[in-house]
Amino acid sequence: MRAAIIGGTGVYGMQVDSRVERVSTPFGTVEVDLCRFGDKEIVFLARHGRKHSTPPHLINFRANMRALKELDVKYIYATGAVGSCNERFNPGEIVLLKDFIDFTKQRPVTFYDGKEGVIHASMADPYCKNLRELFWQEAQKEGLKVAGEAVYVCTEGPRFETAAEIKMYSRLGGDVVGMTNVPEVVLAKELGMCYAAVGIITNWCTGMGREVELEEIMAAVESNKTNLTNLFVKILLHAELAQNNCQCSKALMKL
Ligand SMILES: [Zn+2]
């Protein structure tokens, strides 16, 4: 069994001993870093590629998640840069994702296209309950401030949202907006893997205040990424990880 960290915008690797591994999947080949911590390894995957070369709507999510499965990964923490459409959550802060609303349009959303029968994945707890609890506990211990739990709205991108769209997302119960967490979280569930994600708030959404400046986005990510990945590593290496207290390994229903 292994654990993995998926790095979103601005989080492209970890400063430890690592080797590159290329994993073949039916959906394409994926490059990951196998990062060494004593006698243990954590898989690191840069969601957009090492040089941030893949835009959100073209990320090969199925290849990424299948590659992690091939590497025997069972537990995943991910980061993602998000905009805030909730005045309680400010740029520069981090939030733990608790649920999502899907506004993507044209991405492959499942591994199950009917060959194995009709299969539905439960989204009662899209983000693993155990990994979320462990994150809260460790963040508190380490003094890492988490602004709260957030509902993530996933848009198709790569364009940013209009002010009218943001108003709608906010009224529907969305707190933060990004372009990559769906279908990643769904595919993890389809593969029986525990998955949790943290949003790094880089900007206010359109119409919520000032327009977004690239330097500000990167500065917000920069100030959070090391603390965040260190915390993930600590949990993944030292916590008692198990699937007996969450629904992640039994979320599929076959009709
Ligand atoms: Zn789980």
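Before any of the text, the structure's been laid out above.
The structure displayed is predicted, hence computed values, not measured ones. (Residues numbered from 1 in each chain as written. Predicted model: local features only at pLDDT ≥ 70, side-chain atom pairs only at ≥ 80, totals over all residues. Heavy atoms only, no water.)

**Some thoughts on the pattern of salt bridges**
Working step 1: As enumerated under the stated definition, the model contains 17 salt bridges in all.
Working step 2: Note that R66 is salt-bridged to E70, the shortest N-O span being 3.3 Å. Separated by four residues within a single helix, R66 and E70 lie in helix α1 (residues 61–70), roughly one turn from each other.
Working step 3: With a relative accessible area of 25%, R66 lands in the partly exposed category.
Working step 4: On the basis of relative accessible area, E70 is assigned to the partly exposed category, the value being 45%.
Working step 5: The partner of R107 in a salt bridge is E156, with the nearest N and O atoms 3.1 Å apart. Highlighted residues: R107 in the loop between β6 (94–103) and β7 (119–121) and E156 in the loop between β8 (148–155) and α3 (163–171), separated in sequence by 49 residues. Like E156, R107 is buried.
Working step 6: Three or more residues joined by partner-sharing salt bridges are found here, namely R2, R19, E21, R36 and E41. (Salt bridge = Lys/Arg side-chain N within 4 Å of Asp/Glu carboxyl O. Helix = DSSP H or I, 4+ residues; strand = E, 2+ residues; numbered from the N terminus. Buried < 20%, exposed > 50% of the residue type's maximum accessible area, 1.4 Å probe, protein only.)

**Let's talk about the coordination of the zinc ion**
Working step 1: Donor atoms from the polypeptide that bind the zinc ion are C128 (SG), C194 (SG), C246 (SG) and C248 (SG), placed at 2.2 to 2.4 Å.
Working step 2: Donor residues for the zinc ion sit on one chain with the sequence pattern C-x65-C-x51-C-x1-C. Separated by 52 residues along the polypeptide, C194 in strand β10 (residues 194–204) and C246 in the loop between α5 (214–238) and β11 (252–254) bring together distant segments of the chain. You'll find C194 and C246 in the same group, each marked buried. (Donors = N, O, S within 2.8 Å, 3.2 Å for Na, K, Ca; no water.)

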